[in-house]
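What follows is the residue order along each chain.
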Amino acid sequence: MIMCIKELTQLQGYNFDLDHLIIPTLMYIDKFIQKTQLATQHEIYILLLVSSSIAIKMWQDYGCDPLLIEEITGVSRKQQAMVERKIFQTLNYSLFLSTEEIGKWIHHQNIE
């Protein structure tokens with residue numbers, strides 16, 4: 001999963017920063033799954049892809065090229081946009097994660 005996020009970031013022409021991308025990506029997925037109960041392998045793949053894109057946009061302040069993502073992954077731009085919109089709506093457009101919230105999530109996941 002880390003390699004997927006790293007490669008997506010690098011394909012966009014940006015430097016990969018693990019600390020600023022992996023935790024938000026995983027937290028967005030976790031929050032989304034808790035609210036929707038989606039869990040199929042295909043849904044997880046698309047969720048990972050789109051959540052990575054959201055994390056890049058939010059935390060690195062870069063845009064992601066949906067056409068490039070489509071060419072590499074086979075996930076259409078339309079599907080990317082639909083899933084992104086669904087994530088935004090499910091999370092009530094609340095993407096900011098405080099240091100405290102991140103710390104609690106990490107502790108709850110037993111990640112150190």
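Up top is the structure.
Criteria and cut-off values
Residues numbered from 1 in each chain as written. Predicted model: local features only at pLDDT ≥ 70, side-chain atom pairs only at ≥ 80, totals over all residues. Heavy atoms only, no water. Phe/Tyr/Trp six-rings, centres within 6.5 Å; stacked < 30°, edge-to-face > 60°. Buried < 20%, exposed > 50% of the residue type's maximum accessible area, 1.4 Å probe, protein only. Helix = DSSP H or I, 4+ residues; strand = E, 2+ residues; numbered from the N terminus.

Asks: So what's going on with the packing of aromatic side chains? Which residues, and what values?
Replies: Tallied over the full model, the rule gives 2 aromatic pairs. When the centroid spacing of 5.7 Å and the interplanar angle of 20 degrees are considered together, the rings of Phe-88 and Tyr-93 count as stacked. For Phe-88, a relative accessible area of 19% corresponds to the buried category. Taking relative accessible area as the criterion, Tyr-93 reaches 55% and is therefore assigned exposed.

Asks: Got a sec to walk through unusual backbone geometry? Specific residues and values, please.
Replies: Its identity is not glycine, yet Asn-92 carries a phi of approximately 55 degrees, on the positive side. Mapped onto the elements, Asn-92 comes out in the loop between helix H5 (77-90) and helix H6 (99-109). Given a relative accessible area of 58%, Asn-92 falls into the exposed group. The phi dihedral of Tyr-93 is positive, around 60 degrees, even though this residue is not glycine.

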